[in-house]
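Chain by chain, the residues run as shown.
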Amino acid sequence: MKRLDWTALDPQARARALERPGGGEQDDLEAAVRRIFNQVRADGDGALRALTRRFDNVEIADFAVSEAEFAEAEAGLDPALRTAMRDAIGRLKAWHSAGMGKGFEVETAPGVSCGRMLRPIARVGLYVPAGSAPLPSTALMLGVPASLAGCPQVVLCTPPRADGRADPAVLVAAKLCGIGQVFKLGGAQAIAAMALGTDSVPRCDKLFGPGNRYVTAAKQFAAMMAGGPAIDMPAGPSEVLVIADAGALPEHVAADLLSQAEHGPDSQVILATDSPALLDAVGLEVRRQLAGLPRRDIAESALQHARLVLVDNLDDAFSLSNDYAPEHLILALREPRAWLEKVQSAGSVFLGDYAPEGLGDYCSGTNHVLPTNGAARAWSGVSVASFQKTISFQEVSREGLAAIGPCAVVMARAEGLEAHAQSVLRRLAGAA
């Protein structure tokens, strides 16, 4: 892991220090994604089979998961895991329900009533990764808010295993959320299928879910297509930034860094602290804990992009964090809530010594589908609102028209749009 003295770096060096891995490969990435979309557009399911054979090394005759496959997954699942997923769903429902928006109506002038109504997005496509590790938790994180929003059609894609089947835990998680339309399809080709539609996979209005750089690039490509789907956010390789003071336990901080490093070789972990002793201790503790991890090789690759940053004070650490805009931000501080107002850009924040990021990934109740790669400067994590549309409406009486019509006429003529002005004036004349 690279150690940095923040005060010794000029602005350009600081920007380079916070660069995400893989940033220089964007042109090649976009070209590869474009080729995949062109193949799927031209040959539909045939292209999906060829791409699955190429990237997943498996032959798939029917992408749709059958009822028999669902039943087999349910019968073979560890009961303890099923119970844990049910418990997690309960907390997710509690948190998401508390944050749900609602419609409103207000009289903005006498005789002028304006309101907003919420409607579910009709067809949503969920992507659940299953590369080096299947993520049934992601099915819960997407399925619960989709269910609360009332989306009429929910489609889920997840990569096939070597035996051509979907991961059983992912299937059970989908069923627990009421999702019955699941396809054994992964990578950028899954995103293309849900964006374009094929004989097997329905075309979706909005796409959700995290993934690797190819999946993220595919979602962004789909959103730029004419008439293409919306997307939840750029949600690519995982990342965490820990702000810690001298009182933080090195063992905990190291475990937090490694919990994200094991996601994949392109994950990034950063520690910012004003304690040189903690920085040294965490470096040693990371090496000690790393030796016992089953996914040691993956974590080691990710640690090539890690940063251990020494700052003069915690204010500098929060400034660094807001510039970086991490997906996950852990405040390993003695009074973490007192510092919360300093956080301006982050996907999700974990306060204190007893809130490891792993709880948010699974079962605390907040959503783990979060913006990455700096997108937290402007994007938010998935919520029920992500699966809804808001539609404004207005009702105007004759008196209301008389009250605000002249205002509209003045503004329309200031913009040189006389037809706009006339649409009001003709009604005013008739109402006189």
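Structure shown above.
Now for a look at the structure at hand.

Conventions and cut-offs
- Residues numbered from 1 in each chain as written.
- Predicted model: local features only at pLDDT ≥ 70, side-chain atom pairs only at ≥ 80, totals over all residues.
- Heavy atoms only, no water.
- Helix = DSSP H or I, 4+ residues; strand = E, 2+ residues; numbered from the N terminus.
- Buried < 20%, exposed > 50% of the residue type's maximum accessible area, 1.4 Å probe, protein only.
- Contact = heavy atoms within 4.5 Å.
- Areas by Shrake-Rupley, 256 points an atom, 1.4 Å probe, with all protein chains shown as cover.
- Lys, Arg positive; Asp, Glu negative; His and termini not counted.
- Charge placed at Lys NZ, Arg CZ, Asp CG, Glu CD.
- Pairing = 2+ DSSP bridges.
- Axes fitted to C-alpha atoms, helices over the stretch in contact; angles between N-to-C directions.
- Polar contact = N/O pair within 3.5 Å; in protein donor to acceptor, adjacent residues only side chain to side chain.
- Core = buried A, V, L, I, M, F, W, Y, C linked by side-chain atoms within 4.5 Å.
- Phe/Tyr/Trp six-rings, centres within 6.5 Å; stacked < 30°, edge-to-face > 60°.
- Lys NZ or Arg CZ within 6 Å of the ring centre and 35° of its normal.
- Parallel < 35°, antiparallel > 145°, perpendicular 65-115°, else oblique.
- Left-handed = near helix turned anticlockwise from the far one by under 90°.
- Nonpolar A, V, L, I, M, F, W, Y, C, P; charged D, E, K, R; others polar.

1. Side note on the overall build of the protein
So, step 1. Assigned secondary structure in the protein consists of 16 helices and 14 strands.
So, step 2. Taken across its 432 residues, the protein has 49% of its residues classed as buried.
So, step 3. Counted over contacts in the protein with a minimum sequence separation of 6, partners at least 24 positions apart contribute 74%.
So, step 4. Surface accessibility of the protein: about 20000 Å² in total, with carbon and sulfur atoms responsible for 52%.
So, step 5. Positive and negative side-chain charges in the protein, numbering 41 and 50 respectively, have mean positions lying 5 Å apart.

2. Describing the sheet that holds strand S1 (residues 2–5)
So, step 1. Judged by pairing direction, the sheet is parallel, and its 6 strands sit side by side in the order S1-S11-S10-S9-S12-S13 without closing on themselves. Two strands bound the open sheet, and with one partner strand each, they are S1 and strand S13 (348–351). This sheet shows a mean twist of 15° between the axes of neighbouring strands, independent of strand direction.
So, step 2. As paired strands, strand S12 (residues 328–332) and S13 are joined by 4 bridges and run parallel to one another. Paired with Leu331 across the bridge in S13 is Leu351.
So, step 3. The strands touched by helix H10 (residues 276–290) within the sheet are S1, strand S9 (239–244), strand S10 (268–273) and strand S11 (307–310), with S11 carrying the most contacts at an inclination of about 165°.
So, step 4. Together, S9, S10, S11 and S12 form the strand contacts of helix H12 (residues 314–324), whose direction differs from that of S9 by roughly 165°.

3. Quick notes on the environment of Thr158
So, step 1. Residue position: Thr158 is located in strand S5 (residues 153–158).
So, step 2. Assessed through its relative accessible area of 0%, Thr158 is described here as buried.
So, step 3. Residues Thr158 and Val170 lie 12 residues apart in sequence; the distance between their C-alpha atoms is 8.1 Å.
So, step 4. Not counting chain neighbours up to four residues away, the residues in contact with Thr158 comprise Val128, Pro129, Ala130, Ala166, Val170, Val182, Phe183, Lys184, Leu185 and Gly186.
So, step 5. Polar side-chain contacts of Thr158 include one of 2.9 Å to the backbone oxygen of Val128.

4. Here's the deal with the nonpolar core
Taken as a class, soluble globular proteins show a tendency for nonpolar side chains to be buried jointly.
So, step 1. Counting residues in hydrophobic clusters, the biggest one holds 39 residues, and the most contacted among them are Val124, Leu126, Leu140, Leu156, Ile179, Val182 and Phe387.
So, step 2. If you list the elements that add at least two residues to this core, you get helix H3 (67–76), helix H4 (79–98), strand S4 (123–127), helix H5 (136–149), S5 and helix H6 (168–176).
So, step 3. Considering each element in turn, this core owes the most residues, 7 residues, to H5.
So, step 4. Those residues in contact with Leu156 that lie beyond four places of it in its chain are Leu126, Val128, Ala139, Val170, Ala174, Ile179, Gln181, Val182 and Phe183.

5. Side note on the sheet that holds S5
So, step 1. Taken in spatial order, the 5 strands line up as S6-S5-S4-S7-S8 in an open sheet, and their pairing is parallel. With partners counted over all chains shown, the strands left at the sheet margins are strand S6 (181–184) and strand S8 (230–231), one partner each.
So, step 2. Running at roughly 165° to S4, H5 makes contact with S4, S5 and strand S7 (206–208) of the sheet.

6. Describing unusual backbone geometry
Peptide bonds are mostly trans, and most non-glycine residues show a negative phi.
So, step 1. Positive phi outside glycine occurs at Ala325, with the angle close to 55°.
So, step 2. For Asn373, which is not glycine, the phi dihedral falls at a positive 55°.
So, step 3. Among the secondary structure elements, Asn373 is positioned in the loop between helix H14 (357–362) and strand S14 (388–396).

7. Things to note about the packing of aromatic side chains
To describe a pair of aromatic rings, one takes the distance between the centres and the angle between the planes.
So, step 1. Under the counting rule described, the total for this entry stands at 3 aromatic pairs.
So, step 2. Judged by centre distance (3.9 Å) and plane angle (5°), the ring pair of Phe208 and Phe387 falls under stacked. With Phe208 in strand S7 and Phe387 in the loop between H14 and S14, the pair connects residues that are 179 residues apart, well separated along the chain.
So, step 3. Their ring planes at 5° and their centres at 5.2 Å tell us that Phe318 and Trp339 sit as a pair that is stacked. Of this pair, Phe318 sits in helix H12 while Trp339 sits in helix H13 (residues 336–339), and the two are 21 residues apart along the sequence.
So, step 4. Judged by its relative accessible area of 1%, Phe318 is buried.
So, step 5. The cationic tip of Arg20 hangs over the ring face of Tyr324; the distance from NZ or CZ to the ring centre is 3.6 Å.

8. Details of H6
So, step 1. Every buried residue of H6 is accounted for by Ala169, Val170, Leu171, Val172, Ala173 and Ala174.
So, step 2. Where H6 is buried, its residues touch H3, H4, H5, S5 and S6.
So, step 3. Measuring from the backbone nitrogen of Ala169 back to the side-chain oxygen at the start of H6 gives 3.1 Å, which picks out Asp167 as the cap.
So, step 4. Among the residues trailing H6, Gly178 stands out with phi positive, at a value near 80°.

9. Re the side chain of Arg20
So, step 1. As for its placement among the helices and strands, Arg20 is situated in the loop between helix H1 (11–17) and helix H2 (26–56).
So, step 2. The class for Arg20 is buried, based on a relative accessible area of 16%.
So, step 3. A polar contact is formed between the side chain of Arg20 and the side chain of Glu239, at a distance of 2.8 Å.
So, step 4. Polar side-chain contacts of Arg20 include one of 2.8 Å to the backbone oxygen of Tyr324.
So, step 5. Apart from the residues within four sequence positions on either side, Arg20 is in contact with Glu239, Gln268, Tyr324, Ala325, Pro326, Asn373, Gly374 and Arg377.

10. Examining the packing of helix H7 (residues 187–196) against helix H8 (residues 213–224)
So, step 1. Close contact between H7 and H8 brings their axes to 8 Å; oriented N to C, the two are set at 25°. One finds that H7 runs roughly parallel with respect to H8. When the axes of H7 and H8 are compared, the crossing they make is right-handed. From H7, Gly187, Ala188, Ile191 and Ala195 reach across to H8, where they touch Tyr214, Val215, Ala218, Lys219 and Ala222.
So, step 2. Considering only residue class, the contact of H7 with H8 consists of 7 nonpolar, 1 polar and 1 charged.

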